[in-house]
Amino acid sequence: MPVLETLGGALFGAILQVLFYRLDSRQVLDYFHGRKLDEKLLRKLKVKLLSTNAVINDAEHKQFNNSYVKAWLDELRDTMLDAEDLLDEIDYEFYKWEMEAESRTSASKVCNFDIQIESRMKEVLEELEFLLSQKGDLGLKNASIVGVESISGSKVTQKLPSTSLVVESVIYGRDNDKETIFNWMTSDNIDHNQLLILSVVGMGGMGKTTLAQHVYNDPRMEHAKFDIKAWVCVSDEFDVFNITRAILEATTGSTDDSRNLEMLQRRLKEKLTGRRFLLVLDDVWNESRDQWKTLQTPLNCGAQGSIVIVTTRSSKVASIMQSYKTHHLKQLQEDDSWQVFVKHAFQDDNCLPKDELKEIGIKIVEKCQGLPLALETIGCLLRTKSSVSEWESVLVSKMWDFSEEDSKIIPALLLSYYHLPSHLKRCFAYSALFPKDHEFDKESLILLWMAENFLQCSQHSKRLEEIGEQYFNDLLSRSFFQQSSGNKKCFVMHDLHNDLAKYVCGDICFRLGVDKDESIQKTRHFSFVAKHEQCFDGFGSLYDAKRLRTFIPTSFHYSWYCKMPIHELIFNFTFLRVLSFSGCCDLQELPDSIGNFKHLRSLDLSRTEITKLPDSTCSLHKLQILKLNYCRKLAELPLNLHKLINLRHLELVKTRVRKMPMHLETLKNLQVLSSFYVDKDNDFSIQQLGKLNLHGRLSIEEVQNIVNPSDALVADLKNKSHLVKLKLRWQSDRNIENSMKEREVLENLQPSKHLSAISIWNYGGTQFPNWLFNNSLSKIVSLNLKHCKYSISLPPLGILPFLKDLKIIGLDGIVVIDADFYGSSTSSFVSLKSLYFYDLKEWKDWECVGVTGSFPCLEHLTIKRCPKFIAHLPEQLHHLKSLEIDACEELVAFVPNPTTLKELEIFGCPNMSIPKNSCFNFLQKLRIDTGCDSLSTISLDVFPKLSTLTLRRCRNLQMILQGHTHNHLKNLEIRECPQFESFPSEGLSAPNLETLVIEGLENLTSLPRGMDILLPCLTWMYIVDSPQLEFFSNEGIPSSVKRMHLSCRSKLLTSLKGASGPNPSLDMLSVRGVDAESSPDERLLQPSLTFLGIECSPYLKRLDYKGLCRLSSLKELQLFECPGLQCLPEEGLPKSISSLQIWHCSMHKLSCLEGDDRAKIAHIEHVGYESMRMKPSLHV
């Protein structure tokens, strides 16, 4: 039986914790007492749960080999969740009962709900009694020890201790990691008076032990002159006595019979004193600082230069051990992953896989996502399998389908899971809602945990959000979450951790389109992925999931349509905690029945078409989170919003709401308010903020409506120490009647000294407030002054010690930026990294003379749309990496000391020039657009490390020069340069060039010579509106090219097939301006094409079905701006096509898409066209 087939009971600890807390809560006890209900039922339930708790540990482990125990646990889990629902409902009724207390004039009578409570609680008790009566038949025993200790002998968690001997003679993809550790060990910056601790951190199976073995046994260690080398496998039980003994025995090479720690540590101290040692502590789990300090005491007696290398799965462990350096081990790259796989999958290193097996093997390697142990596991499994069908079976299998005997990765990951505290297990399992490769942000996930009541607040001084952040960071430090490589603000899970989460939570989490709906009636948490304006009608299968707690889309960038009426969809889901219709394009109103959702804690209606919320929303007394972001038609909020007494987050970004509800200040739990609109008809509007203890970010809009400046003082922003980001925005395009009042209002809106970011928009005063002059905002990191048109001078912002990002936009009154801007003549802007000037219409001069020590860290400087700017830029910008100058027509000067520049962009600056004698040794990106009129030639030799070169509308540019091979250039674009006529005479030698773009070069007659040889990496060519252009001496398309975009009138189109026939590498082809009535014609028939695009072709009337069929590999067809195209072929489209996109084509009212012929393209999975937004019901 697969080892994880029966996993699911590990969530019980967290559920029981919640139940015991609720049973002892004031709300439940007071409600039973006040309503004169049977309080014995509460005591009975507690006793039953305690009895259940006693056998759960034994059941959790027996479920691995006993399907009956697994079924018993599933029933028990459902019963406990039902009990949680019931107690949560009592909690809701208590708040409701308490709020209505003032209006009651006599003792309340027993209501139907009271009768239901007792009845439902008796049902839960009977079910628990029934389940407990079966424990004897199932062989379940009471356990006195619950936790990781009790499973140390479990078959699942057994693990052989590691040794220092190298198991794998070759280690793939870890050379850089190995060198990093050696560099740390030999660094001159080390404090040799202290014990040096180096930690290697990574998830289970990442190869930490293997890396440590190779470092330990590297020949260079012989020259390191360690007197003692020792290896100790610590594993999950951190026993100071046993580990000390193991270290002593490893250093002496003999056993030790010491019976107490005192004797052991004295012997170890004697052995190490005055001797330089290398100690590896492999697989450390301990998070107790005291235990580590005790173990470390004798180690501190070693000689200078002694080193401890630690391998661990937790960053927290590395921190507790006070590591000098921590190295996070990443997944293997694709090539290295393949080598590891091949080594274990084939008997002979020289025996390469057959083509069919290699193709499957590559897909298997992709599934392993660079995890060495997974690659080894599946490689070894396939070592004895040689048929394609066997390999395909492994490909479609999940890692968890393998038996424990076949897979070492399962116990490796399970061990990490079992080491989690119960509250983290439940949070981790909830991640099963996310599809694989899903990017999520920390704040959103924490809010979901909060809404599901996963965050247990044992410390009343901590907010729920802070506890959630602690939970998240714990899972991150243990490698269950990883930072996304693409978006540094987001996080991801390794696929195997995603699988683990799904198996842990079992059938209570369901992902539409991913999971099988065999037992959907047990589903508590539901998610779906919306892509490409998808229409959903599959929600009907949820009808039986009456205990559903979560309904969310997991893609935040796409819109979607719900075919099912909203009120029908949610009618049965009265136990919902989390409800999100974010991105639902056709949601225009929420049904009144939403008020019946007693358990609802999070409601997200962002990016919907709603115009208002029903008044019944204010009955959701448990609601904590209300998101209405980008509801662009939402104009008002319910008047009784203040009745949402538990509301913590109210988000209103980009709506039409301009009036805040009354009594907002009574929402004592409100933590986050994204936007606050000052009401001109309410004298007390801004004053409501005074009593709110807000956190995070706040935008105060319509500030001009503050009539009395003293009202701004009542808002008390100065004492809101938890606010991190603040935006103050006045209405634009207004008449300023009293600039002194404007300044006084802004003066009184002084924020807390703890603020890190502030934006001031459309301020109408001539002077900025004092708190921008006197360093009151000493912790500010980001500052944005935008469209403060009447301000005539800038504050001394250079005195802000932590300011990193400064944007100054649309300050029309600024003519000169002088020394006052710096605040100091010797040291200013000491932390600034990014400086942005935009739309300063009158700015002429930037006085830098006499100012030294400024901008020591500046990396990015942008000056845009400053038409009168003529000054020199500051000198001594020693760390400047990117410079962008745009639409500064009068500017002639160039940046001094350009040696550090990596990116240079010049737009619309005809008088600027690039000094030919300057050194651009580090420049990687150069873009010139409508600038540098003096430029007639450009030599690549001046930019030895340039990777991207873009030249556009350089009206006098004639040629590119080159004296030697350019190894770094990857992208070259030349557009609309009317005089450009030639590349280097011997050809463009750029062996790593990948992209070549040529547009509007009417004088250019020939592409570079020898492209097939000199440009071996060229994969994409974009060539349009260059009618004279041909290949040099009819050389033809380079064999490496995979993507092309051509004009039909180009002579190059006739060269597609070349002398040797079609190009087998060409994968994607787009053609502009087809001048025939039918297409594709002979020139476009490239059998290797998987994508064909036809655009801007007014003469095209029909598609040639036979021509399309000859494109046997074609999968995607895109038609754009072909107004004469009236219909698709009568025969339909080839079966190979899976994606069809049609934009701005008449298509005879899209007959093939919406009429009787629609069946002809029914096989096409993805269809998109411009009228989809108008007809959301269509889904092909």
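Check the entry above for the structure.
Report follows, based on the coordinates. Small disclaimer: the values here were computed from a predicted structure and weren't measured.

Here is what the cut-offs are and how they apply
- Residues numbered from 1 in each chain as written.
- Predicted model: local features only at pLDDT ≥ 70, side-chain atom pairs only at ≥ 80, totals over all residues.
- Heavy atoms only, no water.
- Buried < 20%, exposed > 50% of the residue type's maximum accessible area, 1.4 Å probe, protein only.
- Helix = DSSP H or I, 4+ residues; strand = E, 2+ residues; numbered from the N terminus.
- Pairing = 2+ DSSP bridges.
- Phe/Tyr/Trp six-rings, centres within 6.5 Å; stacked < 30°, edge-to-face > 60°.
- Lys NZ or Arg CZ within 6 Å of the ring centre and 35° of its normal.
- Salt bridge = Lys/Arg side-chain N within 4 Å of Asp/Glu carboxyl O.
- Axes fitted to C-alpha atoms, helices over the stretch in contact; angles between N-to-C directions.
- Left-handed = near helix turned anticlockwise from the far one by under 90°.
- Contact = heavy atoms within 4.5 Å.
- Nonpolar A, V, L, I, M, F, W, Y, C, P; charged D, E, K, R; others polar.
- Patch = residues over 30% accessible without salt bridge, like charges linked within 9 Å, V, L, I, M, F, W, Y side chains within 5 Å.
- Areas by Shrake-Rupley, 256 points an atom, 1.4 Å probe, with all protein chains shown as cover.
- Lys, Arg positive; Asp, Glu negative; His and termini not counted.
- Charge placed at Lys NZ, Arg CZ, Asp CG, Glu CD.
- Core = buried A, V, L, I, M, F, W, Y, C linked by side-chain atoms within 4.5 Å.

1. With respect to helix α21 (residues 495-505)
Among the 11 residues of α21, 11 are classified as buried, and the element is accordingly described as predominantly covered. By the burial criterion, the buried members of α21 are D495, L496, H497, N498, D499, L500, A501, K502, Y503, V504 and C505.

2. Describing the sheet that holds strand β12 (residues 550-553)
Pairing is parallel in the open sheet, where 8 strands are placed in the order β9-β10-β12-β14-β15-β16-β17-β18. Strand pairing shows two members of the sheet lacking a second neighbour, β9 (509-511) and β18 (672-673), which therefore form its edges. Of the pairings in the sheet, the one linking β9 to strand β10 (residues 525-528) comprises 3 bridges and is parallel in character. Bridge assignment links C509 to a residue of β10, and that residue is H525.

3. What to know about the packing of aromatic side chains
Taken as a whole and judged by the stated rule, the model has 34 aromatic pairs. Each ring, one from F829 and one from F855, has its centre 4.9 Å from the other, and the planes form 10 degrees; the classification is stacked. With F829 in the loop between β25 (816-817) and β26 (834-838) and F855 in the loop between β27 (845-846) and β28 (860-864), this pair connects stretches of sequence that are 26 residues apart. Of the two residues, F829 and F855, neither departs from the other in class, the shared state being buried. Here the aromatic residues F821, Y822, F829, F837, W843, W846, F855 and F869 are joined through ring pairs into a cluster of three or more. Geometry around F182 places R220 over its ring, the cationic atom sitting 4.0 Å from the centre.

4. Quick notes on the pattern of salt bridges
Oppositely charged side chains can pair when the atoms bearing their charge come close. Per the stated rule, a full pass over the model turns up 62 salt bridges. Of the charged contacts, one joins K436 and D499 as a salt bridge, the two residues approaching to 3.0 Å between their closest N and O atoms. Of this pair, K436 sits in the loop between α18 (422-430) and β6 (440-441) while D499 sits in helix α21, placing them 63 residues apart in sequence. Classification of D499 as buried rests on a relative accessible area of 7%. The salt bridge partner of E469 is K442, with a shortest N-O separation of 3.5 Å. Of this pair, E469 sits in helix α20 (residues 464-477) while K442 sits in helix α19 (residues 442-451), and the two are 27 residues apart along the sequence. Relative accessible area serves as the criterion here: at 22%, K442 is assigned to the partly exposed category.

5. Some remarks on the packing of helix α3 (residues 40-62) against helix α4 (residues 67-99)
A pair of packed helices is characterised by two quantities: the angle between their axes and the separation of those axes. Relative to each other, α3 and α4 sit at 145 degrees, their axes nearing to 10 Å. Considering only the axes of α3 and α4, their crossing is left-handed. Here L49, T52, V55, I56, A59, E60 and K62 of α3 lie close against α4, whose contacting residues are V69, W72, L73, L76 and M80. For the contact of α3 with α4, a count of residues per class yields 9 nonpolar, 1 polar and 2 charged.

6. Examining a positive patch on the surface
A surface patch of positive charge is lined by K40, R43, K44 and K122. In terms of residue count, α3 provides more of the positive patch than any other element does, 3 residues in total. Tracing the backbone shows K122 in helix α5 (residues 112-132). Taking relative accessible area as the criterion, K122 reaches 43% and is therefore assigned partly exposed.

7. Some details on the pairing of strand β37 (residues 1020-1024)
A regular strand carries its side chains on alternate faces of the sheet. Along β37, 4 of the 5 residues are buried, which leaves the element largely enclosed by surrounding structure. Of the pairings in the sheet, the one linking strand β36 (residues 995-999) to β37 comprises 5 bridges and is parallel in character. The partner of L996 across the bridge, within β37, is M1021. One ladder, built from 4 bridges, connects β37 with strand β38 (residues 1043-1047); its direction is parallel.

8. With respect to the sheet that holds strand β2 (residues 228-235)
Two pairing modes exist for strands in a sheet, parallel and antiparallel, and in both the strands are linked by backbone hydrogen bonds. Within the open sheet, the 5 strands sit side by side as β2-β3-β4-β1-β5. Their pairing is parallel. Every interior strand has two partners, whereas the edge strands, β2 and β5 (325-328), have only one. Mean inter-strand twist for the sheet, computed between neighbouring axes without regard to direction, equals 15 degrees. Here strand β1 (residues 196-201) pairs with β5 via 4 bridges, running parallel. By the bridge assignment, L198 is partnered in β5 with K325. Lying on the sheet, helix α7 (residues 208-216) is in contact with β1, β2, β3 (277-284) and β4 (307-312); it crosses β2 at an angle near 170 degrees. Running over the sheet, helix α9 (residues 240-252) touches β2 and β3 and is turned about 150 degrees from β2.

9. Looking at the nonpolar core
Judged by nonpolar contacts, the single largest core of 190 residues is most densely connected at F551, F581, W846 and I863. Setting aside its immediate chain neighbours within four residues, F581 contacts F551, W560, I566, L569, I570, L587, D604, L605, S606 and T608. One finds M221, A345, L382 and A429 within the second-largest nonpolar core, a separate group that totals 85 residues.

Everything listed here is a matter of coordinates, which is why it stays silent on function.
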